[in-house]
Amino acid sequence: MTGPAAGQVSAARRRDVLDALRRGAVPAAGLDLLAVGLDRFERVATEDLAAVAAGGSVFKAVRGEYGSGKTFFTRWLAERAKKAGLATAEVQISENETPLHRLETVYRRLTERLTTATFPPSALRQVVDGWFYALEEDILAADESAGDGATGDDAAALDRAVGELVDRRLADVGRTAPAFAAALRGYRAALAAGDEATAAAVLAWLGGQPHVAAAARRAAGVRGDLDHFGALGFLQGLLVVLRDSGFRGLLVVLDEVETLQRVRSDARDKALNALRQLIDEVHSGRFPGLFLVITGTPAFYDGPQGVARLAPLAQRLATDFTADPRFDNPRAVQLRLAGFTEASLVELGGRVRDLYTAGLPADAAGRIDRLVDDAYLGELAGAVAGRLGGKVGVAPRLFLKKLVGDVLDRVDQFDDFAPRRDYPLTIGTAEMTDLERNAAHADDIDLDLD
């Protein structure tokens, strides 16, 4: 089993995971408890995270059909990244909300979703405040080493020293995005003056938010809104701030990149070129400490409306998948997710059952183990998958939702409840996603598991 055994999990963590599954959602944490079939990626993921933490940069493209677990995989990777000291951000690419050809919007979503092991989204303010604190500590430590504590006793001198250190730390960034350092100085000045409104507005501008009040921008010495070209410079600056704040890097996930196939051809071509530019910048070393991951369907990577439209991008993402999936190379630029089989779905169900019973008295746990044994898990998995057009890869979300909320909870609470006798599986369209609904081709599904 990947990660800690079920019995070693805290009650709070166990409750959070089970509550999420009960709602039909991917848990926000604890994904190592459910990581079935990801063992083959663990070693390379650890190597890549170590390379990023050491100042390198990594790009990976994850491919899989709808329901194959791409979101689960990237959140599992994000959990590992946080444990390795990285910050993370998951950005959903969409035609209207976050078009990939507008990198300023992608950067804005990134800062909105920025999270760390300690701070939930958006953690931008906590990171920036931590950075200034770290700069002050560096200056004071340098004064002590020099035997001169004058700077620490003089607030104005400390501010000047911090400003000079900001310029030195952001020297490389300043050549392409001078406004980034200016906004940071403006934010600090507003805080020192007790002007919280201006400080918040300047920080919003630093995070790529549009329509920031002109007065706040003037106070910080910046103008206009962040544009497509400035976004890469701001990302470079953010990486510097993260590193100096004690974080070892940043994992950015651009999820559902296949939505590019549905946009107008001119926007699609711009987006594909933006992706090519991002990959080249990562490989050039411009973004030390960046781990960039994209997810998409095989149709996006191989079809005529996706990567194939831009030959240079296709060359960068080319990966040979003609061999048996067992021999896929996890070090390749593309990672293929095979999705669930009924056997792996039963294994997943067993892990969830063990997690559930780990918090129960021995007699209750024994009753669940007896009534919800592996054979029953196989029946339930086959029933759910069978009613979704036989597409097992589409089944995990509903399977786990039914297992926790309809089976395990009832066995736990009702002594005379026997799932094989008392639980006729019912799946209604209201609880399905569009993908599940399309697979089912039915309004209501009633299935007796006797």
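Bear in mind that the values here come from a model prediction, so they are computed numbers and not experimental data. (Residues numbered from 1 in each chain as written. Predicted model: local features only at pLDDT ≥ 70, side-chain atom pairs only at ≥ 80, totals over all residues. Heavy atoms only, no water.)

**Comments concerning the confidence of the model for the protein chain**
The share of residues in the protein chain with pLDDT of 70 or more is 92%, and the mean pLDDT across the chain is 88. Here residues 442-450 is modelled with pLDDT under 50, and outside its nearest four sequence neighbours on either side it reaches 24 contacts, counting other chains as well. (pLDDT = per-residue confidence, 0-100. Contact = heavy atoms within 4.5 Å.)

**Let's talk about the sheet that holds strand S3 (residues 250-255)**
Here we have five strands laid out as an open sheet, ordered S2-S3-S4-S1-S5, and parallel in their pairing. Every interior strand has two partners, whereas the edge strands, strand S2 (87-92) and strand S5 (334-336), have only one. With direction set aside, neighbouring strand axes in the sheet form an average angle of 20°. Inspection of the sheet shows S3 paired to strand S4 (residues 290-296) by five bridges, in the parallel sense. Paired with Leu 251 across the strands is Phe 291, a residue of S4. (Pairing = 2+ DSSP bridges. Helix = DSSP H or I, 4+ residues; strand = E, 2+ residues; numbered from the N terminus. Axes fitted to C-alpha atoms, helices over the stretch in contact; angles between N-to-C directions.)

**Let's talk about helix H1 (residues 11-23)**
With 13 residues, H1 extends 18 Å between its outermost C-alpha atoms, agreeing within 8% with the 18 Å of an ideal straight helix rising 1.5 Å per residue. Elements in contact with the buried residues of H1: helix H16 (342-357) and helix H19 (396-413). (Expected span 1.5 Å × (residues − 1).)

**Let's talk about the packing of helix H9 (residues 178-192) against helix H10 (residues 196-206)**
Remark: H9 packs on H10, axes separated minimally by 8 Å, with the N-to-C direction vectors making an angle of 160°. Put simply, H9 runs roughly antiparallel to H10. Here H9 and H10 pass one another in a crossing that is left-handed. Here Ala 179, Phe 180, Ala 183, Leu 184, Gly 186, Tyr 187, Ala 190 and Leu 191 of H9 lie close against H10, whose contacting residues are Glu 196, Thr 198, Ala 199, Val 202, Leu 203, Trp 205 and Leu 206. In terms of residue class, the contact of H9 with H10 is built from twelve nonpolar, two polar and one charged. (Parallel < 35°, antiparallel > 145°, perpendicular 65-115°, else oblique. Left-handed = near helix turned anticlockwise from the far one by under 90°. Nonpolar A, V, L, I, M, F, W, Y, C, P; charged D, E, K, R; others polar.)

**Some thoughts on the nonpolar core**
Core analysis: the largest hydrophobic core is formed by 79 residues, its most contacted members being Leu 100, Phe 180, Leu 250 and Leu 254. Excluding residues that lie within four positions of it along the chain, Leu 100 makes contacts with Ile 93, Val 106, Leu 254, Val 257, Leu 260, Ala 271, Ala 274 and Leu 275. The next biggest cluster of nonpolar side chains, apart from the first, holds 62 residues, and it includes Leu 31, Phe 72, Phe 340 and Ala 395. (Core = buried A, V, L, I, M, F, W, Y, C linked by side-chain atoms within 4.5 Å. Buried < 20%, exposed > 50% of the residue type's maximum accessible area, 1.4 Å probe, protein only.)

**Describing the pattern of salt bridges**
Per the counting criterion, the structure on display carries 34 salt bridges. Taking the shortest distance from any N to any O, the salt bridge between Asp 374 and Arg 353 comes out at 3.0 Å. Residue Asp 374 is found in helix H18 (residues 374-386), and its partner Arg 353 is found in helix H16; the two are separated by 21 residues along the sequence. Of the residues examined, Asp 374 reaches a relative accessible area of 47% and is grouped as partly exposed. For Arg 353, a relative accessible area of 9% translates into the label buried. Residues Arg 420 and Asp 373 are paired through a salt bridge, measuring 3.3 Å at the closest nitrogen-oxygen approach. Taken together, the positions of Arg 420 in helix H20 (residues 419-422) and Asp 373 in the loop between helix H17 (362-371) and H18 put the pair 47 residues apart, joining distant regions of the chain. (Salt bridge = Lys/Arg side-chain N within 4 Å of Asp/Glu carboxyl O.)

**Topic: the pairing of S4**
The element S4 is largely enclosed, with a buried count of seven among its seven residues. Here S4 shows two buried faces, one formed by Leu 290, Leu 292, Ile 294 and Gly 296 and the other by Phe 291, Val 293 and Thr 295. Bridge analysis of strand S1 (residues 58-63) against S4 gives six bridges, and the strand direction is parallel. Counterpart to Val 62 in the pairing with S4 is Thr 295. Where the polypeptide runs from S3 across helix H13 (residues 265-284) and back to S4, its parallel neighbour, the crossover connection is right-handed. (Right-handed = clockwise from strand over helix to strand, strands pointing away.)

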